[in-house]
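Here are the chains, one letter per residue:
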Amino acid sequence: MPLWPNNDAQSCLPPKRGAAMVSYPPEPWELNGRACVSVWLVRATALPPLPVRPVTVLGRAVVGTAFVHYQPPGLAYHELVAAVLVRQGLRFGVSITRIWVDSPASRAGGRELWGIPKELAEFEWERGLTASARDVNGTIASVRGRQLRIGVWLPVATSTWQAFGSGLARTPLRAKGFVTALRTSWDIDPAGPLSWLLPHRPLLSVGIRGMSMRFGPRRR
């Protein structure tokens with residue numbers, strides 16, 4: 001599919017009157033699928049700009065990256081996301097720094113509903129947990145994961161904090177799924193948009209099957 005040009009991650013504003021519109025579901029979104037998630041400790045000084053304060057440990061920020069395959073019911077698309085653990089006062093959550101999808105509806109909805117800076121990319125997802133994403137400039141990242149058999153059903157509840165217009169958007173996220181440990185190998189383009197993750201390696205990785213997620217509505 002044709003790729004849209006990259007956009008500034010801080011440009012997530014409601015659409016201007018008369019702008020081309022893309023149809024997307026109203027919030028909240030009910031999403032289902034599977035994911036490969038990794039957690040990194042990255043130098044706080046290497047992080048992209050954030051709308052809220054990152055949580056740091058000895059000068060390192062906690063970053064999560066994930067390849068996700070969403071399937072019906074709900075929107076069906078692929079996603080690559082990088083998010084930082086943040087706090088706003090006593091509230092903790094995540095702020096998405098970069099994210100790519102292969103669905104124009106997901107891109108438009110993410111930007112216009114919640115200030116999430118989604119961009120378009122092309123994805124390959126092989127059987128198991130091997131995935132890659134590329135944009136108009138080439139490969140962004142790829143991952144190979146080998147899933148271990150032992151796992152457990154886990155729920156997660158958090159919020160995203162994103163710049164939105166002249167303010168800040170907090171959007172609740174609740175998810176659950178069957179979580180298993182993974183052995184992963186990430187390949188990040190050293191000249192690409194996720195190069196700030198390097199030279200670090202993930203501390204841990206998990207695979208999530210049978211995932212169901214409720215995203216939104218945004219707190220006003």
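Our structure is the block above this text.
What this report covers is the structure whose coordinates are included nearby. Quick caveat: nothing in here was measured; it's all calculated off a predicted structure.

Definitions and limits used
Along each chain, numbering runs from 1 in the same order as the chain's sequence is written. Reporting in this predicted model follows two pLDDT cut-offs: at least 70 for local features of residues, and 80 or more for side-chain atom pairs to be given and counted; totals over whole chains, interfaces and linings ignore these cut-offs and use all residues. Note that the side-chain values use all heavy atoms of the structure and ignore hydrogens as well as water. Any carboxyl oxygen of Asp or Glu within 4 Å of a side-chain nitrogen of Lys or Arg constitutes a salt bridge here. Per the convention used, a helix needs a DSSP run of H or I reaching at least four residues, while a strand needs a run of E reaching at least two, with both numbered from the N terminus. Remark: exposure states derive from per-residue accessible area (1.4 Å probe, protein chains only) relative to the maximum for the residue type, with buried under 20%, exposed over 50%, and partly exposed in between. The method works on a 1 Å grid over the protein atoms by themselves. A cavity is a set of points holding a 1.4 Å probe that cannot get out, a pocket is an open set with protein on both sides within 12 Å along at least five of seven lines, and residues with an atom within 4 Å of a point line them. Grid points are joined across faces, edges and corners, and a volume is the space filled by probe spheres set on the points. All tallies of charge rest on Lys and Arg as positive and Asp and Glu as negative; His and the ends of each chain are not included. Any pair of N or O atoms that falls within 3.5 Å is considered a polar contact. Within protein, one atom must be able to donate a hydrogen and the other to accept it, and sequence-neighbouring residues count only if both atoms are side-chain atoms. For this analysis, residues touch if any pair of their heavy atoms sits within 4.5 Å. One requirement defines pairing of two strands: DSSP has to find at least two bridges between them. For Phe, Tyr and Trp, where Trp contributes only its six-membered ring, two rings pair if their centres lie within 6.5 Å, and the inter-plane angle classes them as stacked under 30 degrees, edge-to-face over 60, or tilted in between.

It is worth spelling out the pattern of salt bridges at this point. A complete count under the given rule lists two salt bridges for this structure. The residue arginine 214 makes a salt bridge to glutamate 30 at a minimum N-O spacing of 2.5 Å. Residue arginine 214 is located in strand β12 (residues 204-215), and its partner glutamate 30 is located in strand β1 (residues 29-43); the two are separated by 184 residues in the primary sequence. Look at arginine 214 and you get partly exposed, because its relative accessible area is 39%. In this structure glutamate 30 comes out as partly exposed when scored by relative accessible area, which is 40%.

Its boundaries defined by the atoms lining it, the largest pocket holds a volume of some 990 Å³. Residue lining of the largest pocket: 42 residues in total, with Val37, Val94, Val156, Thr158 and Leu173 positioned closest to the centre. Of all elements in the fold, only β1, β4 (60-71), β5 (77-88), β6 (91-101), β10 (138-164), β11 (167-188) and β12 reach the threshold of two or more residues within the lining of the largest pocket. At seven residues, the largest contribution of residues to the lining of the largest pocket is made by β4.

This part is about the side chain of glutamate 79. By secondary structure assignment, the location of glutamate 79 is in strand β5. Lysine 118 is the oppositely charged side chain nearest to the buried, salt-bridge-free glutamate 79, at an N-O distance of 4.2 Å. A polar contact of 3.2 Å, which involves the side chain of glutamate 79, links it to the side chain of tyrosine 70. Once you skip the residues sitting within four places of it in the chain, glutamate 79 turns out to touch Ala66, Phe67, Val68, Tyr70, Ile99, Trp100, Val101, Lys118 and Phe123.

The sheet contact formed by β1 and β12 spans ten bridges and is antiparallel. Note on β12: the bridge partner recorded for leucine 31 is methionine 213.

Here the structure, examined in full by the defined rule, presents seven aromatic pairs. On the numbers, 4.9 Å between centres and 80° between planes, the contact of tryptophan 29 with tryptophan 114 is edge-to-face. With a gap of 85 residues between them, tryptophan 29 in strand β1 and tryptophan 114 in helix α1 (residues 104-114) connect regions that are remote in the sequence. Look at tryptophan 114 and you get buried, because its relative accessible area is 1%. Chaining the aromatic ring pairs together yields one cluster made of Trp40, Phe67, Phe123 and Trp186.

What follows concerns the environment of arginine 209. In this fold, arginine 209 is placed in strand β12. With relative accessibility at 41%, the residue arginine 209 sits in the partly exposed group. Considered as a pair, arginine 209 and glycine 151 are 58 residues apart in the sequence and their alpha carbons are 10.0 Å apart. Those residues in contact with arginine 209 that lie beyond four places of it in its chain are Gly33, Arg34, Gln147, Trp153, Gly177, Phe178 and Thr180.

On to the environment of proline 26. Structurally, the position occupied by proline 26 is in the segment before β1. Take proline 26: its relative accessible area is 64%, and that puts it in the exposed class. Separated by 126 residues in sequence, proline 26 and valine 152 place their C-alpha atoms 32 Å apart.

So, about unusual backbone geometry. For the bond from glutamate 27 to proline 28, the omega torsion is 0°, close enough to zero to count as cis. Along the polypeptide, proline 28 turns up in the segment before β1. Each neighbour pair has its own omega, and for proline 72 with proline 73 the value is 0°, a cis peptide bond. Relative to the assigned elements, proline 73 resides in the loop between β4 and β5. Despite not being glycine, leucine 58 has its phi angle at roughly 55°, a positive value.

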